[in-house]
Structures are given as C-alpha cells and as structure tokens.
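# Structural overview
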Amino acid sequence: MGLVTLKEILKIHDGAVGAFSTYDQYSAQGIIEGAEEAGLPVILMIGSGPLNKPGNDYVGQIMVQLAKEASVPVCVFLDHSKDYKTCLKAIKLGFSAVMIDGSHLSLEENIAITNKVTEAAQALGVSVEAELGALAGIEDGEEVKQAKMTDPTHVEEFLGKTDVDGLAVSIGNAHGLYKGEPKLDFERLQTIAGISQDVPLILHGGTGLTLAQFAKGVELGIKKINIGTEVKKTYIEAFINTHEKNVSSYDMVEIPQACKKAVAKMVKENLEFFANGWRKLI
Ligand code: 13P
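All of these numbers come straight from a predicted model, not from anything done at the bench. (Residues numbered from 1 in each chain as written. Predicted model: local features only at pLDDT ≥ 70, side-chain atom pairs only at ≥ 80, totals over all residues. Heavy atoms only, no water.)

## Overview of the site of the ligand
- In the vicinity of the ligand there are 15 residues, among which D79, G205, T207, G228 and T229 approach most closely.
- Within the side chain of T207, one N or O atom sits 2.5 Å away from an oxygen atom of the ligand.
- With respect to the ligand, the side chain of N226 contributes an N or O atom lying 3.0 Å from an oxygen atom.
- Here the ligand, which alone exposes 310 Å², has 99% of that area covered by the protein.
- Listing elements by their share of the shell around the ligand, those giving two or more residues are strand 4 (73-81), strand 10 (174-175) and strand 12 (222-227).
- Grouping the amino acids of the shell around the ligand by side-chain chemistry returns 3 nonpolar, 10 polar and 2 charged. (Near = heavy atom within 4 Å. Polar contact = N/O pair within 3.5 Å; in protein donor to acceptor, adjacent residues only side chain to side chain. Areas by Shrake-Rupley, 256 points an atom, 1.4 Å probe, with all protein chains shown as cover. Helix = DSSP H or I, 4+ residues; strand = E, 2+ residues; numbered from the N terminus. Nonpolar A, V, L, I, M, F, W, Y, C, P; charged D, E, K, R; others polar.)

In structure tokens, the structure reads:
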C-alpha cells in the first residue's frame, strides 16, 4: 500500500476518491486514520499557499512519510499551484501528484504551463491535475470573485494538446462556504464527460454540497472530490470544544488528539459515501 500516484489511485475502485486538505501533522494523521478505518484509498493534499509558508516543508515531509507508512493507498497531492516552481518543490519533497492551476490564464497559456509541469512531473513518475474554467470563492485566504464555468468546446482542445491525469471542472461549484444553496450544472458535466472520455474529472469545492449532488456527480464521471473547508471546520470545532471542557489545563496533549479523531470520523464517512454510498441515491 502506501504512497501511490493520482493516476493509480483513481483506478482502485469505480466510485470517487476523497481528497482532503491538510495543514499540520494532526490533520494529516486524522485524514490517513479515517482512510485506514474505512479501508479505502485517500488523497492527502496541501495547497501551494500553505506549503510555501515558512517552515511548512516539514508538513510536506510528514505527509509523504505518513503516506508511505499507511495501510491503504495514499496519494500525496499539491493542490492549486499557479507556478512551476512550487510544483517542482512538491516533487522534490516526494509528492506523488501536483495540480497546475492555469485556470486564470487564456486557453493557450493554460495549455503551455500545464505541458511544462507535466513534462517535468511525468518524467519522475508524478501525476498531474489541471483545471479548465475557474472556481469562485475563498481558498486558504485567496479569493476569486468571478467564476468561469468550464467551456465544453475548450475541453477537447485542452485534452488533445496536454497529457494530464485529471481535469478539474467548474460547473457551479465554489471554494469555501456556499452563499445560499449551491447549484451544479449537471448537463454541462455530462457534456464534458462525453468529451473527456478516459481523463478523470475532478470536483473541487466539496464542502457544503449535498449527498444527492455528490451522487449525481459520481454517476456522471467525477472521480475525485476535494474537501477543504470541512477539514478546517471539523478540526477547529473539536479544538474549541475540547479546550472549553477544561480551559485552565491548556491541554496541548489531548486537544490535538481530539482534533485528529474528529477529522478521521469526517473523512471515513465521506470516503465511504464517495466510494459506495452514492449508489443508494441513484
Ligand atoms: P472547499 O474548501 O470548498 O471544500 O474546497 C476545497 C477544494 O476544492 C480544494 O481544492
């Protein structure tokens, strides 16, 4: 088991694999423990913003080490890098997949940067995810105000001129907490899936989507679902609740353990739904 690429992990079962954002040792351990309890593969990811903070190379190293020791397949993934340099940094740290996010660029520029990263990554056996269209919302402090839905007419050209292992789509999904009820354009997803054929499709902005929306997405071909905000919410709520039970102890031993346990439970439930549970809602 242990460390596997994105290409490999998305072939293990015919549902979708959950990808969860991590920020430190305890959230990373919680994500892997949740996957081990479920007996299912998991994608452990960190955004380029958090990875580039001072001292956080160590978080990357911990992620790789935990993946190697896990009893289930784990892909260690760099999420949303807009630059080549951070992709190389992740590859040097031992990550098994990187995302080059050229969604803010023109189609031609997106193809060019995606190919530059893919050439370097795949030569070293590392998978690559790209994005076409752009998501609105806040991702680790960075805000994108205007969503740009994935244009199906761009998909064929993009996939014809690149060699990516996964494609993130924008179909009404957004990063962070949704304002009001999220609405996903499943017709657009179906059209894209008809064009993308064997290239796995990725759904970002998983926090706040309903089980019915996840189920429909997986049915139409989504193979990876990203969850970020829910990890932070679960972790911080467990932190506050455990601290408030005995404020004067400032318990740096038990509070992180409680956070880890809460994250593991959330991850297990989501992984089970994405792998199998979705079928009951179809
Ligand atoms: P959420 O924070 O909305 O769950 O999105 C996470 C994500 O898509 C990371 O790429």
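## Some thoughts on helix 7 (residues 152-161)
- Burial in helix 7 covers these residues: P152, V155, F158 and L159. Projection of helix 7 onto a plane perpendicular to its axis shows the buried side chains occupying an angular sector of 100 degrees, all on one side. Seen from the buried face of helix 7, the exposed residues on the opposite side, beyond 90 degrees, are T153, E156, G160 and K161.
- Summarising the contacts, the buried residues of helix 7 are in contact with helix 6 (107-123), strand 6 (127-132), strand 9 (166-169) and helix 8 (186-196). (Buried < 20%, exposed > 50% of the residue type's maximum accessible area, 1.4 Å probe, protein only. Arc of directions from axis to C-beta. Contact = heavy atoms within 4.5 Å.)

## Structural notes on the state of the cysteines
- By the definition in use, this model includes 0 disulfides.
- Summary of cysteine pairing: C75 is not part of a disulfide, and the nearest cysteine sulfur, belonging to C87, is at 13 Å.
- Using a relative accessible area of 0% as the deciding quantity, one classes C75 as buried. (Disulfide = S-S within 2.5 Å.)

## Here's the deal with the environment of G221
- Looking at where G221 falls in the secondary structure, it is placed in the loop between helix 9 (211-219) and strand 12.
- With a relative accessible area of 25%, G221 lands in the partly exposed category.

## Description of the packing of aromatic side chains
- As enumerated under the stated definition, the model contains 1 aromatic pair in all.
- Centre to centre, the rings of F214 and F274 are 4.9 Å apart; their planes meet at 70 degrees, and the pair counts as edge-to-face. Residue F214 is located in helix 9, and its partner F274 is located in helix 11 (residues 254-275); the two are separated by 60 residues in the primary sequence. For the pair shown, F214 and F274 are each scored as buried.
- Across the ring face of Y84, the terminal group of K116 is positioned such that the distance to the ring centre comes to 4.4 Å. (Phe/Tyr/Trp six-rings, centres within 6.5 Å; stacked < 30°, edge-to-face > 60°. Lys NZ or Arg CZ within 6 Å of the ring centre and 35° of its normal.)

## A short note on helix 2 (residues 25-38)
- With 14 residues, helix 2 ought to run about 20 Å at 1.5 Å a step, and its terminal C-alpha atoms sit 20 Å apart, in line with that.
- Looking at helix 2, one finds that the buried residues are S27, A28, Q29, G30, I31, I32, G34, A35 and A38.
- Turning to helix 2, the residues buried within the fold contact strand 2 (17-21), strand 3 (42-47), helix 4 (57-69), strand 4, helix 10 (229-245) and helix 11.
- Positioned one or two residues after helix 2, G39 has a phi angle of 65 degrees, which is positive. (Expected span 1.5 Å × (residues − 1).)

## Description of a nonpolar patch on the surface
- The grouping of I236, F239, I240 and M252 at the surface amounts to a nonpolar patch, some 390 Å² of accessible area in total.
- Counting through the fold element by element, F239 comes out in helix 10.
- Assessed through its relative accessible area of 33%, F239 is described here as partly exposed. (Patch = residues over 30% accessible without salt bridge, like charges linked within 9 Å, V, L, I, M, F, W, Y side chains within 5 Å. Salt bridge = Lys/Arg side-chain N within 4 Å of Asp/Glu carboxyl O.)

## Observations regarding the sheet that holds strand 8 (residues 142-144)
- Read from one edge of the open sheet, 3 strands run 8-7-10, paired in mixed fashion. For this open sheet the edge positions go to strand 8 and strand 10, each flanked by a neighbour on one side alone. (Pairing = 2+ DSSP bridges.)

## Observations concerning the packing of helix 2 against helix 11
- Axis separation between helix 2 and helix 11 bottoms out at 7 Å; the angle between their running directions is 45 degrees. Judged on the interaxial angle alone, helix 11 and helix 2 are oblique. Crossing of helix 2 against helix 11: the hand is right-handed. Of helix 11, the residues touching helix 2 (which contributes Y26, S27, Q29, G30, I31, E33, G34, A35, E37 and A38) are P256, Q257, K260, V263, A264, V267, K268, L271 and E272.
- Looking at side-chain class alone, the contact of helix 2 with helix 11 contains 9 nonpolar, 5 polar and 5 charged residues. (Axes fitted to C-alpha atoms, helices over the stretch in contact; angles between N-to-C directions. Parallel < 35°, antiparallel > 145°, perpendicular 65-115°, else oblique. Left-handed = near helix turned anticlockwise from the far one by under 90°.)

## Description of the environment of V155
- With respect to the secondary-structure elements, V155 resides in helix 7.
- Take V155: its relative accessible area is 0%, and that puts it in the buried class.
- Distance in space between the C-alpha atoms of V155 and I195 is 7.0 Å, their sequence separation being 40 residues.
- Beyond its immediate stretch of four places on either side in the chain, V155 contacts L132, T150, L167, I192, I195 and S196.

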